[in-house]
Amino acid sequence: MATVEELKLRVRELENELIKCKQKQCAMEDAQSLELHRPKIEKMSAEVVDSNPYSRLMALKRMGIVDDYEKIRTFAVAVVGVGGVGSVTAEMLTRCGIGKLLLFDYDKVELANMNRLFFQPHQAGLSKVEAAEHTLRNINPDVSFETHNYNITTMENFTHFMDRIRHGGMEEGKPVDLVLSCVDNFEARMAINKACNELGQIWMESGVSENAVSGHIQLIIPGETACFACAPPLVVAANIDEKTLKREGVCAASLPTTMGVVAGILVQNVLKYLLKFGTVSYYLGYNAMQDFFPTMAMKANPQCNDRHCREQQEEYKKREAECPKVEVVQEEEEVVHEDNEWGIELVSEVTDAELQAATGDRPELPEGITVAYTIPAEVRVAQHITASQVLTSFYHRDLQMHLWFDK
Amino acid sequence: MADEATRKAVSQIPLLKTNAGPRDRTLWPQRLKEEYQALIHFVEQNKAADNDWFRLESNPDGTRWTGTCWFIHELLRYEFQIEFDIPVTYPDTAPEVAVPELDGKTAKMYRGGKICLTDHFAPLWARNVPRFGLAHLMALGLGPWLAVEIPDLISKGIVQREKRGNTYL
């Protein structure tokens, strides 16, 4: 039988071997990651080449959707809760090339999360923020990350959380540009609400119902729009019999679809807000049972329970009184040339009648929906049409193809 | 929803007056005093009714609470450790009571053994801010949860009485 001394020696040997193995593995991983990772990109380029990760985003400028897409790199966004909605939100922002992400969550990845997007089975047991940072850094090394693995609702963590919202911006010391609430419980939402009311921080709230078939997003501007404590939590009516809902023994259901949809509309609103395009929604609900998307805006409640909300409302009133809103009237200038001695005018090449004949009937459609193109009645008959006629009409390429095949 | 006996017990718990959370340095000690008064009153009342079922104590600043609760089922006593933090949003939101040793044993629980109070308790609490306190949390939150869950867990054999030394607890 081995003596204690012998066993101790054996333990030391094995320990050394383990250290060697670990070192070898680390070296291999480093080498691999150097191969896999692209280098950081200093300046976003609009060049259309396969190797440019930003070409499709920068194309938004050419399409006239966004004025200055590069500006996205100057923003810092805090994502609180890196679960079904938060992780997908963080991934979307990472792929869009956001400047900085601050991730907050105290949970670990579990196999029970695998019905949702983003996390993978081999990450089970890791903290969500750590696993997320690793994946996201791989996707886009240009984004800077800051992760915090704690519960924001307890006293000391809350103080630290507030401090990071106030000072964790793109430039250390400046506040973040936006806080996104992707948490799954009332307590954490109220904590974010409290922090943002105290700091006057603009934030967006998101949520998916416990039965997984409805969700919402909401923009909260302290003092201006209703805060989370101004009214009881809003729910999107699911229009299902409540009694059939309360299944014994289950606390919450979840679907990757609903969570993906909510993350999508959340990040869409974030992009519109940060890059100033389209209309930013104050509240957008999603009812998956009926495919219904209610929207609305809600003013802050003067009797709100949160003292800081009431103070922010006073501040807002003062600001409003100081600078009354100027009605922006956009006037289109008529082009008048100084002299036009020959009386030249621009005339359309086709007459209204020709245009009408060439476009055909528009089907009756609800507001907001239109057809990409119409098919003129005579073309639809298409027996006598010549190729040259088809080519001169301003139709969509697909339609032309269609006509060729018909012949 | 709470049963008739619980309702009666609650009607005898003093309501709290001070609307202050742990971040409110000046008013929190007053709120804490009211919490303790209500808790003591509730425990005394339970004892008098021969229905003593929990103990709680806090750290000096009253932000972290620990204790035990016990449940009698078919004349046998089952005991559990309980714990919770006072959230920064207290009393607007109720603390999340955890029974860590039951974590993973029932679906009506969130991670870390926090009991699921959303349906039966959260709306009730919200309607009674700031009058409800920790004694109400015990009577209307933890109490009904134990009454539903523990017999079920026992019948499934998931909860068993622990033998300590030569005696059962």
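Residues numbered from 1 in each chain as written. Chains lettered and ligands numbered in written order. Predicted model: local features only at pLDDT ≥ 70, side-chain atom pairs only at ≥ 80, totals over all residues. Heavy atoms only, no water.

(A) Seen up close, the pattern of salt bridges. All names here are of chain B. Enumeration over the complete set of coordinates arrives at 24 salt bridges over all chains. We note a salt bridge from arginine 64 to aspartate 85, for which the minimum N-O separation is 3.0 Å. In this pair, arginine 64 is assigned in strand β2 (residues 64-73) and aspartate 85 in strand β3 (residues 76-85), connecting sequence segments 21 residues apart. Judged by relative accessible area, arginine 64 falls into the partly exposed class, the value being 31%. (Salt bridge = Lys/Arg side-chain N within 4 Å of Asp/Glu carboxyl O. Helix = DSSP H or I, 4+ residues; strand = E, 2+ residues; numbered from the N terminus. Buried < 20%, exposed > 50% of the residue type's maximum accessible area, 1.4 Å probe, protein only.)

(B) Molecular detail of the interface of chain A and chain B. On the side of chain B, 23 residues touch chain A, which itself brings 24 residues to the contact. Taken together, the connections running from chain A to chain B amount to 1 salt bridge. For B:Arg23, the salt bridge goes to A:Glu198, with nearest N and O atoms at 2.4 Å. Here chain A and chain B share 4 residue pairs in polar contact (both at pLDDT 80 or more) between them. Mapped onto the side of chain A that touches chain B, the elements with two or more residues apiece are α5 (155-167) and α6 (186-199) of chain A. Among the elements that take part in the side of chain A that touches chain B, α6(A) stands out by supplying 6 residues, more than any other. Along the lines of polarity and charge, the residues of the side of chain A that touches chain B split into 10 nonpolar, 6 polar and 8 charged. (Contact = heavy atoms within 4.5 Å. Polar contact = N/O pair within 3.5 Å; in protein donor to acceptor, adjacent residues only side chain to side chain. Nonpolar A, V, L, I, M, F, W, Y, C, P; charged D, E, K, R; others polar.)

(C) Examining the pairing of β2(B) more closely. All names here are of chain B. Across the 10 residues of β2, 7 count as buried, placing the element largely inside the fold. Direction of pairing for strand β1 (residues 54-58) relative to β2: antiparallel, over a ladder of 5 bridges. Residue phenylalanine 54 lies in a different strand from β2, and its bridge partner there is cysteine 69. Pairing of β2 with β3 involves 10 bridges; the strand directions are antiparallel. The residue bridging tryptophan 70 from the neighbouring strand is glutamate 79, located in β3. Between the end of β2 and the start of β3, which pair antiparallel, lie 2 residues, with glutamate 74 showing a positive phi angle near 50°. (Pairing = 2+ DSSP bridges.)

(D) Structural view of the packing of aromatic side chains. All names here are of chain B. In total, this model carries 14 aromatic pairs over all chains according to the counting rule given. Their ring planes at 10° and their centres at 6.4 Å tell us that tryptophan 65 and phenylalanine 84 sit as a pair that is stacked. With tryptophan 65 in strand β2 and phenylalanine 84 in strand β3, this residue pair connects regions lying 19 residues apart in the sequence. A residue is classified by how much of its surface remains accessible, and tryptophan 65, at 0% relative accessible area, is buried. In textbook terms, an aromatic cluster arises when at least three aromatic residues are bridged by ring pairs, as seen for Trp28, Tyr90, Phe121, Trp125 and Phe132. (Phe/Tyr/Trp six-rings, centres within 6.5 Å; stacked < 30°, edge-to-face > 60°.)

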